[in-house]
Amino acid sequence: NNISSDEKFCFNNVDVIIAPTEFVKNEILDYGVNPGKIKVVSFGVNVDNIKKDFNKIGRNLNFCIAGALTKRKGIKYLLKAWDSGNFNNDKLHLCGKISPDLKKIINTMSNKKNIIMPGFIDTYNYFKKCDVYVFPSLMEGSSKSIYEAMNRSLPIICTYESGSIITDKKEGFII
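Residues numbered from 1 in each chain as written. Predicted model: local features only at pLDDT ≥ 70, side-chain atom pairs only at ≥ 80, totals over all residues. Heavy atoms only, no water.

**A short note on the overall build of the protein chain**
Test applied: Numbering of helices and strands runs from the N terminus; a helix is a DSSP stretch of H or I covering at least four residues, while a strand is a stretch of E covering at least two. By definition in these notes, contact holds between two residues if any of their heavy atoms fall within 4.5 Å. Areas reported here follow the Shrake-Rupley algorithm with a probe of radius 1.4 Å; residue values treat only the protein chains shown as occluding.
Within the protein chain, the secondary structure is distributed over 6 helices and 8 strands. The linear arrangement of helices and strands in the protein chain, starting from the amino end, is α-β-α-β-β-α-β-α-β-α-β-α-β-β. For the protein chain, restricting intrachain contacts to residue pairs at least 6 apart in sequence, the fraction spanning at least 24 positions comes to 56%. For the protein chain, the accessible surface area stands at approximately 10300 Å², while carbon and sulfur atoms represent 53% of it.

Here is the structure:
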């Protein structure tokens, strides 16, 4: 247990702890906190009730991820998969700030021409042109960008550690 005395004091002396996902709740439980103190309240977005016609999805897909694109977000694994040859007809939109070490990896990739790096974007409008949202984070409380992508009816591919609210094989896939 690598928890500070201040955190222990807080956990022991509060009535309720709000966690954004079950993943965060489980991390807090690892510190011996009474499970009855922890309530899960997910993040949210303004809902548009937009529905995409997934029968039209086939080849030439636009995959995207948005956020601070660092190793912690699992981007190096996404780039490895992207460079496998399975996505030569697709585009990968890396939206947000990309760390210099990941830019070096991208420059060595065989299909780097299929990677679009628009920088910071307005997810509300940008996600309209995307087909699949990918979020392979290694550690996340809960990514608001997943909620934003779901609001645009994008199927989600994410990790359990991304703190997502999706159900595997329903709104997407947990990898």
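Next comes the rest of the account.
**Considering the pattern of salt bridges**
For clarity, the cut-off: Whenever Lys or Arg places a side-chain nitrogen within 4 Å of a carboxyl oxygen from Asp or Glu, that contact is recorded as a salt bridge. Exposed residues in this analysis have more than 50% of their type's maximum accessible area, buried residues have under 20%, and partly exposed residues fall in between, with area computed by a 1.4 Å probe over protein chains only.
Going through the model one piece at a time under the given rule, you end up with 4 salt bridges. One salt bridge connects Arg 72 with Glu 140, and the closest N-O pair in it is separated by 3.3 Å. Of this pair, Arg 72 sits in the loop between β3 (62–66) and α3 (75–82) while Glu 140 sits in the loop between β6 (132–135) and α6 (144–151), placing them 68 residues apart in sequence. For Arg 72, a relative accessible area of 44% gives the class partly exposed. Here Glu 140 falls in the buried class, since its relative accessible area comes to 11%. A salt bridge links Glu 140 to Lys 73; the shortest N-O distance between them is 2.9 Å.

**So, the confidence of the model for the protein chain**
Note the following rule: A score between 0 and 100, pLDDT records how confident the predictor is in each residue.
With 90% of its residues at a pLDDT of 70 or more, the protein chain shows a mean pLDDT of 86. Considering each helix and strand of the protein chain separately, the mean pLDDT is smallest for helix α1 (residues 5–13), with a value of 83, and largest for strand β4 (residues 91–95), with 97.

**Overview of the sheet that holds β3**
Going by this rule: Should DSSP find at least two bridges between two strands, the strands are taken to pair. Angles run from 0 to 180 degrees between N-to-C directions of axes, and those axes are lines fitted to C-alpha atoms, restricted for helices to the stretch in contact.
The parallel open sheet is built from 6 strands, whose spatial order is β5-β4-β3-β6-β7-β8. Across the chains shown, the open sheet's two edge strands, defined by having one partner strand only, are β5 (115–119) and β8 (172–174). Taking the axes of each pair of neighbouring strands and ignoring which way they run, one obtains an average angle of 20 degrees across the sheet. In this structure, β3 lies alongside β4, joined through 5 bridges in parallel fashion. Residue pairing across strands places Asn 62 opposite Lys 91, the latter belonging to β4. Packed on one face of the sheet, α3 meets β3, β4, β5 and β6 and runs near 165 degrees to β4.

**Let's talk about the nonpolar core**
What counts is decided by this rule: What is meant by a nonpolar core is a set of buried Ala, Val, Leu, Ile, Met, Phe, Trp, Tyr and Cys residues, joined one to another through side-chain atoms within 4.5 Å.
Core analysis: the biggest nonpolar cluster contains 31 residues, and Ile 65, Leu 79, Leu 92, Leu 94, Ile 115 and Tyr 133 have the highest contact counts within it. Listing elements by their share of this core, those giving two or more residues are β3, α3, β4, α4 (100–107), β6, α6 and β7 (156–158). When sequence neighbours within four positions are dropped, the list of residues in contact with Ile 65 reads Ile 75, Leu 78, His 93, Leu 94, Cys 95, Tyr 133, Val 134, Phe 135 and Pro 136. Counting 8 residues, the second-largest nonpolar core is a separate cluster that includes Ile 17, Ile 28, Val 33 and Ile 38.

**Overview of α6**
Within α6 the residues assigned to the buried category are Ser 145, Ile 146, Tyr 147, Ala 149 and Asn 151. Just downstream of α6, Ser 153 is the residue with a positive phi angle, here 60 degrees.

**Topic: the pairing of β3**
As a general feature of sheets, a regular strand has side chains that alternate between the two faces. Basically, it comes down to this: We call a crossover right-handed when, viewed with the strands running away from us, the connection from the first strand over the helix to the second turns clockwise.
Counting buried residues along β3, 5 of its 5 residues qualify, which places the element largely inside the surrounding structure. Here β3 shows two buried faces, one formed by Asn 62, Cys 64 and Ala 66 and the other by Phe 63 and Ile 65. Note on the crossover from β3 through α3 to β4: the handedness is right-handed.

**Structural notes on the packing of aromatic side chains**
The line we're drawing: Two aromatic rings, drawn from Phe, Tyr or Trp (for Trp, its six-membered ring), form a pair once their centres lie within 6.5 Å of each other, and the interplanar angle then sorts them: stacked below 30 degrees, edge-to-face above 60, tilted otherwise. Criterion for a charge above a ring: Arg CZ or Lys NZ at most 6 Å from the ring centre, at most 35 degrees from the ring normal.
Tallying each qualifying case throughout the model produces 7 aromatic pairs. A ring pair is formed by Phe 63 and Phe 87, whose centres lie 5.6 Å apart and whose planes are at 85 degrees; its orientation type is edge-to-face. Here Phe 87 lies in the loop between α3 and β4 and Phe 63 lies in strand β3, a separation of 24 residues in the sequence. By relative accessible area, Phe 63 is classed as buried at 8%. Between Phe 127 and Tyr 133, the aromatic rings sit 5.3 Å apart at their centres with planes inclined by 55 degrees, giving tilted as the arrangement. Across the pair, exposure class does not vary: Phe 127 and Tyr 133 are buried alike. Site record: aromatic cluster; members linked through ring pairs are Phe 63, Trp 82 and Phe 87. A cation over an aromatic ring shows up here: Arg 152 above the ring of Tyr 124, its NZ or CZ 4.0 Å from the ring centre.

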